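Examination of the molecular architecture
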Amino acid sequence: MNILGVFLGAFLLAACGEDEKPIKVSLDSRQEIAIKPPQPAITYAYLPQYSHSESFQRHQQLVAYLTEETGLPIRQVFPDTFTHHISMFGQGKIDISFSNPFVYVNLANRYGAQAMARIVEEDGRAEFRGQIIARHDNEAIRSVEDCRGKSWVAVDPSSAGGYLFPLGLFVDHGLTARDFKEVAFSGGRQENVILGVYAGLHDFGTIREGALQVLANRIDINQIKVVATSRAYPGWVYAYSPRLAPESVDKIRAAMLKLDYANNPRHRAILDAARFIGFVASDDRDFDPIRELNRKVKQEGE
């Protein structure tokens, strides 16, 4: 008898009471369990500025609504990083991308992505801003200029509000990335930037406006101050792959624009979960200010 047989025999005998008969177990008969691959669907991805669980909670109702409204099978997928999101789009693994405007411009230039709608933020604008934050008790940082020579933690090199909008603000004040003690990145997570500043691991951080509220139930956000805020730029955008059928694009865009935050309670619940209040139609020309900013910060960084 082999070792496995001895072990099983001892286990079964030990498990039996005085009046119980041992049950003979045969290892000769076994059934392979096949894992079914996911059914074909239009793939929808949220640029991972938050954790996967946060992304899922924010967008599951919207994805379900779009599926129901269009009759198209739509499935959310979860890139791990900004770079992974871009790569998956290029590989045809993302059909609908929800991203910041810098990533959109990258996708448009490299892979032919096309904008179809921008979101309307909770403040009623189809634009958003970046913020420079520090601990409230950090008296050394009170202005943009005070950040010189300090430790900076940002979201990701491709983050709009969490890096590039504030970098443009620094450039306007005569600072470039070389003027800081260090520039660290948080792996694409807004939360990690806030926690790094809160814990005193970095002198200041940069996030998108509104990100502080994500941690309002975990830390005392009153211990964080906003040092400065960038100008507003075109907001987060839904873009589609050139592989996606035009009729599918039209259905998805129409379903997005149909959402009525003010007058439809179900639509309000969907949009509240997603943390915006509606959509406006959009096209590639809306993002020319992003291209101009991109040129400016690259030139200053040379």
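Heads up: these notes are all about the structure in this document. (Residues numbered from 1 in each chain as written. Predicted model: local features only at pLDDT ≥ 70, side-chain atom pairs only at ≥ 80, totals over all residues. Heavy atoms only, no water.)

Before going further, it helps to spend a moment on the pairing of strand 12 (residues 237–240). What you see with strand 12 is no split at all: Val 237 and Ala 239 on one side and Tyr 238 and Tyr 240 on the other are buried throughout. Of the pairings in the sheet, the one linking strand 3 (residues 96–99) to strand 12 comprises four bridges and is antiparallel in character. Following the sheet pairing, Phe 98 is matched in strand 12 by Tyr 238. When strand 4 (residues 114–120) meets strand 12, the two strands line up antiparallel, connected through four bridges. Paired with Gln 114 across the bridge in strand 12 is Tyr 240. (Buried < 20%, exposed > 50% of the residue type's maximum accessible area, 1.4 Å probe, protein only. Helix = DSSP H or I, 4+ residues; strand = E, 2+ residues; numbered from the N terminus. Pairing = 2+ DSSP bridges.)

Two elements in contact, helix 2 (residues 52–70) and helix 8 (residues 265–274), have axes separated by 6 Å at closest approach and are oriented at 140 degrees. Considering the angle they form, helix 2 stands oblique to helix 8. Crossing hand, helix 2 versus helix 8: left-handed. Only Arg 266, His 267, Ala 269, Ile 270, Ala 273 and Ala 274 of helix 8 make contact with helix 2, whose side of the interface consists of Gln 57, Arg 58, Gln 61, Leu 62, Tyr 65 and Glu 68. Grouping the amino acids of the contact of helix 2 with helix 8 by side-chain chemistry returns six nonpolar, three polar and three charged. (Axes fitted to C-alpha atoms, helices over the stretch in contact; angles between N-to-C directions. Parallel < 35°, antiparallel > 145°, perpendicular 65-115°, else oblique. Left-handed = near helix turned anticlockwise from the far one by under 90°. Contact = heavy atoms within 4.5 Å. Nonpolar A, V, L, I, M, F, W, Y, C, P; charged D, E, K, R; others polar.)

If you look at the biggest cluster of nonpolar residues, it comprises 87 residues, and the most contacted ones within it are Leu 62, Tyr 238 and Phe 279. The element best represented in this core is helix 5 (residues 160–172), accounting for eight residues. In this structure Phe 279 touches Leu 62, Ala 117, Arg 118, Ile 119, Val 120, Tyr 238, Met 256, Leu 257, Leu 259 and Leu 271, once residues within four positions along its chain are discounted. (Core = buried A, V, L, I, M, F, W, Y, C linked by side-chain atoms within 4.5 Å.)

Within the open sheet, the five strands sit side by side as 8-7-9-6-10. Their pairing is mixed. Taken across any chain shown, the strands that pair with only one partner, and hence form the sheet edges, are strand 8 (182–185) and strand 10 (224–229). Pairs of neighbouring strands in the sheet enclose a mean axial angle of 30 degrees, with direction left out of account. Across the sheet, helix 5 touches strand 6 (130–135), strand 7 (151–154), strand 8, strand 9 (204–208) and strand 10, and the angle it forms with strand 9 is around 115 degrees. Contacts between helix 6 (residues 190–198) and the sheet are confined to strand 6, strand 7, strand 9 and strand 10, with strand 9 contributing the most and set at about 155 degrees to the helix.

Along the chain, Thr 43 falls in strand 1 (residues 42–46). Thr 43 has contacts with Arg 75, Val 77, Lys 93, Ile 94, Asp 95 and Ile 96, leaving out every residue within four places of it along the chain.

All right, on to the pattern of salt bridges then. All chains considered together, the criterion is met by 17 salt bridges. Here Arg 275 and Glu 54 are joined by a salt bridge, their closest N and O atoms 3.9 Å apart. Taken together, the positions of Arg 275 in the loop between helix 8 and strand 13 (278–281) and Glu 54 in helix 2 put the pair 221 residues apart, joining distant regions of the chain. One salt-bridge network, held together by shared partners, links Asp 123, Arg 125, Arg 129 and Glu 209. (Salt bridge = Lys/Arg side-chain N within 4 Å of Asp/Glu carboxyl O.)

To continue, consider the sheet that holds strand 13. Taken in spatial order, the six strands line up as 2-1-3-12-4-13 in an open sheet, and their pairing is mixed. The open sheet has two free edges, formed respectively by strand 2 (74–77) and strand 13, since each of these has just one partner strand. For this sheet the average axis-to-axis angle between neighbouring strands, irrespective of direction, equals 25 degrees. Contacting strand 3, strand 4 and strand 12, helix 4 (residues 101–111) runs over the sheet at an angle of about 140 degrees to strand 3. Against the sheet, helix 7 (residues 246–258) engages strand 1, strand 2, strand 3, strand 4, strand 12 and strand 13, with an angle of about 10 degrees to strand 4.

Attention shifts here to unusual backbone geometry. We note that Arg 275 has phi near 70 degrees; this positive angle belongs to a residue other than glycine. For Arg 275, a relative accessible area of 35% puts it in the partly exposed group.

Mapped onto the elements, Gly 278 comes out in strand 13. On the basis of relative accessible area, Gly 278 is assigned to the buried category, the value being 5%. Put simply, Gly 278 and Tyr 261 are 17 residues apart on the chain and 6.6 Å apart in space, counted from C-alpha to C-alpha. What Gly 278 contacts, discounting residues up to four positions off in sequence, is Arg 118, Ile 119, Val 120 and Leu 271.

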